[in-house]
Amino acid sequence: MQANRLLAALPRKSYRDLLPGLAAVTLEFGDVLYEPGARIRDVYFPGRSVVSLLTVVDGHSELEVGLVGCEGMVGIPLALGVDVSPVRALVQGGGAAMQMSAAGFRQAFNASAPLRHGLHRYAHGLMAQITQTAACNRFHRVEARLARWLLMTRDRVGSDQFRLTQEFLSHMLGVRRVGVTHAASDLQRRRLIEYERGNIRLVDAAGLEAAACSCYALVRQRADKRRGASVRKRTYGRRQ
Amino acid sequence: MPLGMAVYESGGAQGFVYFPIDSIVSLLYVLEDGASTEIAVTGNEGLVGISLFMGGETTPSRAVVQSGGQGYRVRGAVLRKLFESSGEVQHLLLRFTQALITQMTQTAVCNRHHAVDQQLCRWLLLMLDRVSSNEVRMTQELIANMLGVRREGVTEAAGKLQAEGLIEYQRGRITVLDRPQLEARVCECYGVVKKEYDRLLSWIAPQGGASN
């Protein structure tokens, strides 16, 4: 099982204190964890699962503004003292996660400085991701954005193969289905991906990286740097 | 804080946190080819430089003064200390951070889904809420950089709003003539962000200054 890296980076004691409140759950593809404007009941630390943060606009169109996998937590508003989610959180890669109640989380968060630091740092990274997405949506072509999105998903799922529908992709990228079909067949023609009946396989990851806009490499570099920094800064023992 | 001053550059380390009083700071994302787009604006409701207490060190955006005026600045180390030692300060700064996230998120969506004239309405309203006057000093070229569109796009959108009697545009100055109409015209993004700011930062008096 792939562990959540935020939890794995905690000092042993902090992690042990957290354990009683954590429940191992399986998130299913298509599950909605939060609706915009609704109270947050639980937070989730994804293991193999991947969760999309979507903003709903004009009552129907959706757009993905962030992607959370094993590097993060779903429920960041709680770490910032706010108990309502502004976004819809949708499971787009089924798999394992650790779940914790909002009340349990609040208590653990107040008691553990390492957890607070880790989550604030992660929230800052998530803001970088949102920033990048806003700019990317404005300037980059849909093929390049699709390539970026597939790579980001792969990094979080930890696999070259995952399930996806075109309708789902159209929400993620904020374009019409026709646009997605076009972009996907373009990537397929270039032998970068194989797409069949809702299953997507990345055939040539290096080629896909070349086809993606620079946003992918930038977000990734920053995340690596952040992780490097957090490893260096750790002063006490490490779990594992 | 004079117009055009770079409060910090993307990727650069920050030494200070800035609290605008009557100035407005724009957070811009600049692409490798120089194209830019505004991600959020901050006036006297907030601060610029959250990386310093969030622990992210550097930031992908560039912060530029968009409307000159006064502001306080506090050394990063001082604020960080306060953030760690005072629950109240921490609470306040983090709530502002969540409000800022909402603004960024909504901008991402607005960039994707809404017409330039609606985005211009949103941008003007966000500015008006922070300048306490009905006038915004700004060239079309700068607005184009903010919205991440070509200048002609801004000229066309501003022309439309002017023809409808909502604004008056002359030489680097936009005067809003009919704010209610502007609010009727804007996309939902303005309302979503405003509501969230009002809710999350409700303890802040309209003229700035946190109530104790």
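Source: prediction; values computed, not measured.

Caption draft 1: Region of interest: the interface of chain A and chain B. Taken together, the 34 residues of chain A in the interface contact 34 residues of chain B. Every element with two or more residues in the side of chain A that touches chain B is listed here: strand 4 (50–57), strand 5 (61–68), helix 5 (113–139) and helix 10 (214–233) of chain A. In terms of residue count, helix 5 of chain A provides more of the side of chain A that touches chain B than any other element does, 17 residues in total. Here the side of chain A that touches chain B is built from residues that sort into 16 nonpolar, 13 polar and five charged.

Caption draft 2: Main features of the domain arrangement of chain A. All names here are of chain A. According to the domain assignment, chain A consists of domain 1 (5–138) and domain 2 (141–212). Across the contact, 16 residues belong to domain 1 and twelve residues belong to domain 2. The set of elements that each furnish at least two residues to the side of domain 1 that touches domain 2 consists of strand 4, strand 5, strand 6 (88–93) and helix 5. Of all the elements, strand 5 adds the most residues to the side of domain 1 that touches domain 2, at five residues.

Caption draft 3: Quick peek at unusual backbone geometry. You will see that Arg-191 of chain A, though not glycine, has its phi angle at about 55°, which is positive. Within the secondary structure, Arg-191 of chain A sits in the loop between helix 8 (177–189) and strand 9 (193–196). Look at Arg-191 of chain A and you get exposed, because 10 C-beta atoms sit within 10 Å. For Arg-171 of chain B, which is not a glycine, the phi torsion comes out positive at approximately 30°. With respect to the helices and strands, the residue Arg-171 of chain B is situated in the loop between strand 8 (167–170) and strand 9 (173–176).

Caption draft 4: Inspection of the sheet that holds strand 4 of chain A at higher detail. All names here are of chain A. The strand order across the open sheet built from four strands is 2-6-4-5, with neighbouring strands paired in antiparallel fashion. Two strands close off the open sheet at either side, each with one partner strand: strand 2 (32–34) and strand 5. Ignoring which end each strand starts from, the neighbouring axes of this sheet average 35° apart. Two elements, strand 4 and strand 5, share seven bridges in a ladder whose sense is antiparallel. The partner of Val-51 across the bridge, within strand 5, is Val-68.

Rules used throughout
- Residues numbered from 1 in each chain as written.
- Chains lettered and ligands numbered in written order.
- Predicted model: local features only at pLDDT ≥ 70, side-chain atom pairs only at ≥ 80, totals over all residues.
- Contact = placed C-beta atoms within 7 Å.
- Helix = DSSP H or I, 4+ residues; strand = E, 2+ residues; numbered from the N terminus.
- Nonpolar A, V, L, I, M, F, W, Y, C, P; charged D, E, K, R; others polar.
- Domains from an automatic or database assignment.
- Buried ≥ 20, exposed ≤ 12 C-beta atoms within 10 Å, placed from the backbone.
- Pairing = 2+ DSSP bridges.
- Axes fitted to C-alpha atoms, helices over the stretch in contact; angles between N-to-C directions.

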